[in-house]
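What follows is the residue order along each chain.
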Amino acid sequence: MTAALAGLKVLDLSWVVAGPLIGRALADFGAEVVRVESGTRVETARLMQPFHGGVQDKEGSVLFGNCNAGKLGVTLDLKSSSGQQVVRDLVAWADVVVESFSPGQLRKWGLDYATLSADRPDLIMLSTSIAGQDGPWSTLAGFGNVGSSLSGFQNLVGWEDALPMGPFGPYTDYVGPRLALVTLLAALENRRRTGTGCYIDVAQVEAGVFFLSPQVAQHSYDGTVAERRGNHDAVMVPHGVYPSAAEEARPGRDRFVAVVARTDDEWSLLATTIGRADLASRPDLATAAGRRDAEVEIDDAIGAWTSARTADEAEQALQAAGVAAHKAVSTADYVEDAQLAARGHLVELPHPLHGTTTVEGPRYRLSATPGGPRRAAPTLGQDNEVVLRDLLGYDDARIAALHDEGALR
Amino acid sequence: MLEHLRVLDLTDERGLLCGRLLADLGADVVQVEPFAGSSARSAPPVADGLAVSSLFWETFAAGKRGIAVDLDDEADVAVVRRLAARADVVVTSWPRDLVEAVGLDPVSLRAERPELVYVAVSAFGWEGPKARYADSDLVVWAAGGPLEPHRDGDRAPLRISAPQAYLHAAADAATGAMLAVLARSATGAGQVVDVSAQASLGVATLGRVLAHAVGDDHPEWHQAPVKRTDQSGSGAATPNSLKKWYCRDGMIELHLSMGPAAGTFTNNLFGWLRDEGAVEEPVASWDWRTVPDRIVAGELEESELDVARAAVRAFLLTKTKAEVLDAAIERRLLCMSIFDMSDLAASPHLEARGFWAEVDVAGVTTRIPGRIAHVTGADGPRVRRRAPRLGEHQEEVLRDWLGHAPAAAAVDLEGAAR
């Protein structure tokens, strides 16, 4: 069996989430990915929860583990000239370079695309940043909420009667890599056919706005400014997240189930399933517009029913009737979810410090050339020897010299 | 970059975005709709007076050509199968029962054409115990992980007010399609790509879905802590009400970060207040990198933090969103304007980057996001045409893909569309 990206060599100079997720996907499908980190200025994702055993440690973050599984790890001091020379050698080795430094930083080091591609016309390089490589916002400091605030998401999550809440975490970090990946793979296809590389500039803010294309287009069309609406939908009623009964297995944790009537017929099924045939037969509730006028009454009725059973019981009863419903899955539920388990979505990998670790599998199941993480994310500097000796062909003396002068930190 | 690829697009609103991405990258994407029109044409937002199609359709079907067929008519379905026999990629998000009933399923189509890449986007996956679950954006958001931890105080978990779950899945489907296309160049064979929206959302939880598996069920994610100062810089552990501030024309996201890692940003903020005479001593000269230690040592009271917050609150009320953004760039502040759709439309940055494409929507020139990425050195992604009207390219698609317009094809769309 041939892996989809067998033979592809990738140099990953990115950090935190948006950049590393790109190389993670490439590694899953057969690419050899070398991830460069600083051993002294520890990469932010290593300091972010969740941690193995709940203990903060730079080798314990499963966020880092999920973004970097399958890669080889090398530590370099990029401020040192010999560290930069190693990067130049890695570029000569690589087909693809992914980076997420502040725009302009690589130019200062002479590692920008124009310089690197001068004698490598087949090189593909992808830069990912908050706002892009040029334009008035390109020098923005890039903390997570910046992308979701400037792309409009921060304003579009929250209750109608409360302050905007914003999405969970740095939302554009989840969006940018998806657009980056498809563009990068198209560039690989283009290179396969033409022999020519290219430079790709992905901006998280723009990726975020792209995921709000209908809303921003509506503003252009008729001036409408989209507003947050809690869990309500523009069309479907009811459409909400309802409390369910406490569970012994999850002490102290509030439980919820999402319930939606997609059509008038499904509303009738929903009302009947929750023992409210009276609501199902009421003519004023036969249409979504009518139900919207009675939303509080309907939500109370659903909530009364869901509160009297577990989220699982509610989900199963409603789905059995053909009504869209699912419990709000917690991290503990995620491990037990039958559908995710059937897909083999969570993958256990051996880990040098923790025995085993767990990461997500690929988001695309390929029938003939399936992908998946082949090893846990590297510990700091874990593969320095392999990368320098086997990939770059450095001899022992050269590696020792790099070590002695501190270039491998 | 993908001008050589033909994509037959059998999606509804669940998978519509996939073909848009491939079309932006150059592929020839043909959207197939039932005579009644794709359900994506009525996926919100639908503008008043825009009878034909929603803005969801007009944006995410842009770049495609379109044909319409009667899925109850065997001759029409046979035409779709013949188009599939000329396609490099078929992508669908129609229900599995439907594509199997009409013989447009992966087994049937790949039996005729082993080189075909068949991509299926669904809520939970092509098979498995929940594959036939009734689905919606909110239900998938609940099943995939991002809903549960996201609460404003004691209220129920919140979704994003613009549906997102299937956009993640459809974008992943485009990547899956390209992986299979690249594999085909080595093996000569196509394959099936199965994308589950539920599984796509795991990476939208910042690793939370993995926590229990590694023994980290930290209660602090569920409820913001009250006792400990948040030193993360991101404000992740700070209550929402302490991070939102009013300015002259809207709201600002600002977390007064403190501690050795992120206190510098708050020092920069108070530098701005000092320059404009908006804060008095001793608060004006605090070093926010040491504030947590000084609180622990008893040198500072929590109530003194309120004095600092009050100064910031009064100051920001005199500033606009645009002024705050400019200052954030100039002075390196962790302080961000909360933009709405009108702010995006007016953004000088997006304008300077050539982000927008203009398309005709029912006679109105409408700006839509036009750059999924900026490419130099190759023909990069861009919007190549507006979204198709129902059955708009019937004859030309049959001619281009099949070499002629077969008599059996139901090309009488003038009547059918009504």
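Residues numbered from 1 in each chain as written. Chains lettered and ligands numbered in written order. Predicted model: local features only at pLDDT ≥ 70, side-chain atom pairs only at ≥ 80, totals over all residues. Heavy atoms only, no water.

> Would you mind going over the overall build of chain B with me for this structure?
A count of helices and strands for chain B gives 16 helices and 12 strands. Taking the principal axes of the C-alpha coordinates as reference, chain B spans close to 85 × 50 × 40 Å. A total of 418 residues make up chain B; the buried ones form 63% of that total. Within chain B, residue pairs in contact and separated by at least 24 positions form 67% of the contacts whose partners lie at least 6 positions apart. (Helix = DSSP H or I, 4+ residues; strand = E, 2+ residues; numbered from the N terminus. Buried < 20%, exposed > 50% of the residue type's maximum accessible area, 1.4 Å probe, protein only. Contact = heavy atoms within 4.5 Å.)

> Looking at this model, I keep getting lost on the sheet that holds strand S4 (residues 96-99) of chain A. Mind explaining?
Taken in spatial order, the seven strands of this open sheet run S3(A)-S2(A)-S1(A)-S4(A)-S5(A)-S6(A)-S12(B), and their pairing is mixed. Strands at the two margins of the open sheet, each flanked by one partner only, are strand S3 (72-75) of chain A together with strand S12 (374-376) of chain B. Strand after strand, the sheet turns through a mean of 15 degrees between neighbouring axes, direction not considered. Sheet topology places S4(A) next to strand S5 (residues 124-129) of chain A; four bridges connect them, and they run parallel. Across the sheet, Val98(A) pairs through a bridge with Leu126(A), a residue of S5(A). Contacts between helix H3 (residues 81-93) of chain A and the sheet are confined to strand S1 (9-13), strand S2 (32-37) and S4 of chain A, with S1(A) contributing the most and set at about 145 degrees to the helix. (Pairing = 2+ DSSP bridges. Axes fitted to C-alpha atoms, helices over the stretch in contact; angles between N-to-C directions.)

> How should I be thinking about the interface of chain B and chain A in this particular structure?
Frequently, the measure chosen for interface size is the accessible area removed from exposure when the parts meet. Contacts between the two partners involve 146 residues from chain B and, on the opposite side, 145 residues from chain A. Summed over both partners, the interface of chain B with chain A comes to about 12,700 Å²; 65% of that surface belongs to carbon and sulfur atoms. Of all residues in chain B, the largest losses of buried area upon contact with chain A belong to Val203(B), Leu206(B) and Met341(B), amounting jointly to 6% of the total for that side. Summed over the shared surface of chain B and chain A, the number is 15 salt bridges. The shortest N-O distance in the salt bridge between Asp194(B) and Arg365(A) comes to 3.9 Å. On the surface where chain B and chain A come into contact, there are 54 residue pairs in polar contact (both at pLDDT 80 or more). No other element matches helix H7 (residues 165-187) of chain B, which puts 16 residues into the side of chain B that touches chain A. Residue composition of the side of chain B that touches chain A, by class: 83 nonpolar, 40 polar and 23 charged. Note: strand S6 (residues 198-203) of chain A against S12(B), three bridges, orientation antiparallel. Bridge pairing in S12(B) places Asp201(A) opposite His374(B). (Buried area = accessible area lost by both parts, 1.4 Å probe. Salt bridge = Lys/Arg side-chain N within 4 Å of Asp/Glu carboxyl O. Polar contact = N/O pair within 3.5 Å; in protein donor to acceptor, adjacent residues only side chain to side chain. Nonpolar A, V, L, I, M, F, W, Y, C, P; charged D, E, K, R; others polar.)

> I keep staring at the packing of helix H9 (residues 263-275) of chain B against helix H12 (residues 321-331) of chain B and nothing clicks. Help me out?
Packed helices, taken two at a time, are described by the angle between their axes plus the distance between the axes. Residue and element names in this part refer to chain B. Packing of H9 against H12 brings their axes to within 10 Å, and their N-to-C directions diverge by 115 degrees. Crossing hand, H9 versus H12: right-handed. Listed contacts from H12 to Asn268, Gly271, Trp272 and Asp275 of H9 are Glu323, Val324, Ala327 and Arg331. Of the residues belonging to the contact of H9 with H12, the class tally is three nonpolar, two polar and three charged. (Left-handed = near helix turned anticlockwise from the far one by under 90°.)

> How should the packing of helix H3 (residues 74-84) of chain B against helix H15 (residues 394-402) of chain B be read in this particular structure?
Residue and element names in this part refer to chain B. Across the interface, H3 lies against H15 with an axial gap of 10 Å and an inter-helix angle of 45 degrees. Accordingly, the angle class assigned to the pair H3 and H15 is oblique. Taken as a pair, H3 and H15 cross one another with a handedness that is left-handed. Facing H3, whose interface residues are Val79, Arg82 and Leu83, H15 presents Val397, Leu398, Trp401 and Leu402. Of the residues in the contact of H3 with H15, the class split is six nonpolar, no polar and one charged. (Parallel < 35°, antiparallel > 145°, perpendicular 65-115°, else oblique.)

> Got a minute to help me understand the sheet that holds strand S2 (residues 28-34) of chain B in this structure?
Hydrogen bonding along the main chain pairs the strands of a sheet, whether they run parallel or antiparallel. What the seven strands build is an open sheet, ordered S12(A)-S6(B)-S5(B)-S4(B)-S1(B)-S2(B)-S3(B); its pairing is mixed. In this open sheet, the two edge strands, each paired with only one partner strand, are strand S12 (365-366) of chain A together with strand S3 (65-69) of chain B. Two strands pair when backbone bridges link them, and strand S1 (residues 6-10) of chain B and strand S4 (residues 89-92) of chain B are joined in this way by four bridges, in the parallel orientation. Note on S4(B): the bridge partner recorded for Val7(B) is Val89(B).

> Looking at this model, I keep getting lost on the pairing of S1(A). Mind explaining?
It is a general feature of regular strands that their side chains alternate between the two faces of the sheet. Residue and element names in this part refer to chain A. Burial runs high along S1: four of the five residues are buried. Of the strand pairs in this sheet, S1 and S2 are connected by four bridges, and their pairing is parallel. Each bridged residue has a counterpart across the sheet, and for Val10 the counterpart in S2 is Val33. Once you follow S1 into helix H1 (residues 20-28) and on to S2, the crossover reads as right-handed. (Right-handed = clockwise from strand over helix to strand, strands pointing away.)

> Could you clarify how one ought to interpret the confidence of the model for chain B in this entry?
Keep in mind that low pLDDT regions are not for reading the predicted coordinates in detail. Residue and element names in this part refer to chain B. Residues with a pLDDT of 70 or more make up 92% of chain B, whose mean pLDDT is 91. Scored below 50 in pLDDT, residues 221-228 makes 18 contacts in the model with residues more than four places away or belonging to other chains. Per-residue pLDDT stays below 50 along residues 413-418; that stretch engages in seven contacts with residues further than four places along the chain or on separate chains. (pLDDT = per-residue confidence, 0-100.)

> What's the story with unusual backbone geometry in this structure? I'm lost.
Negative phi values dominate among residues other than glycine, just as trans dominates among peptide bonds. Pro238(A) follows Val237(A) through a cis peptide bond whose omega is -5 degrees. The amide bond that connects Pro44(B) to the next residue, Pro45(B), takes the cis arrangement and shows omega of 5 degrees. The residue Pro45(B) is located in the loop between S2 and helix H2 (55-60) in this model. With a phi close to 45 degrees, Ala362(B) is a non-glycine residue in the positive phi region. Note that Ala362(B) resides in the loop between strand S10 (356-361) and strand S11 (364-369).

> Is there a simple way to think about a negative patch on the surface in this case?
All names here are of chain B. A cluster of acidic residues, Asp249, Glu323, Asp326 and Glu330, forms a negative patch at the surface. Relative to the assigned elements, Asp249 resides in the loop between strand S7 (244-247) and strand S8 (250-254). Classification of Asp249 by relative accessible area gives partly exposed; the value is 42%. (Patch = residues over 30% accessible without salt bridge, like charges linked within 9 Å, V, L, I, M, F, W, Y side chains within 5 Å. Areas by Shrake-Rupley, 256 points an atom, 1.4 Å probe, with all protein chains shown as cover. Lys, Arg positive; Asp, Glu negative; His and termini not counted. Charge placed at Lys NZ, Arg CZ, Asp CG, Glu CD.)

> Teacher, can you tell me more about the pattern of salt bridges here?
For side chains bearing opposite charge, pairing can occur when the charged atoms are close. Residue and element names in this part refer to chain B. This model, assessed by the stated rule, comprises 67 salt bridges over all chains. Here Asp9 and Lys64 are joined by a salt bridge, their closest N and O atoms 2.7 Å apart. On the criterion of sequence distance, the pair formed by Asp9 in strand S1 and Lys64 in the loop between H2 and S3 is long-range, its members being 55 residues apart. There is no split in this pair, since Asp9 and Lys64 are both buried.

> Explain the domain arrangement of chain A to me, please; I cannot follow it from the model alone.
Looking at the assigned domains, one finds that chain A contains domain 1 (9-211 + 340-404) and domain 2 (239-244 + 254-329). Distance between the C-alpha centres of domain 1 of chain A and domain 2 of chain A: 42 Å. (Domains from an automatic or database assignment.)

> Sorry if this is basic, but what is going on with the pairing of strand S5 (residues 117-122) of chain B here?
Residues and elements named next belong to chain B. Extensive coverage of S5 is indicated by the burial of six of its six residues. Across the two faces of S5 the burial is the same, with Val117, Val119 and Val121 and Tyr118, Ala120 and Ser122 all buried. Summarising the sheet, S4 and S5 pair through four bridges and their orientation is parallel. Looking at S5, one finds that Thr92 is bridged to Ala120.

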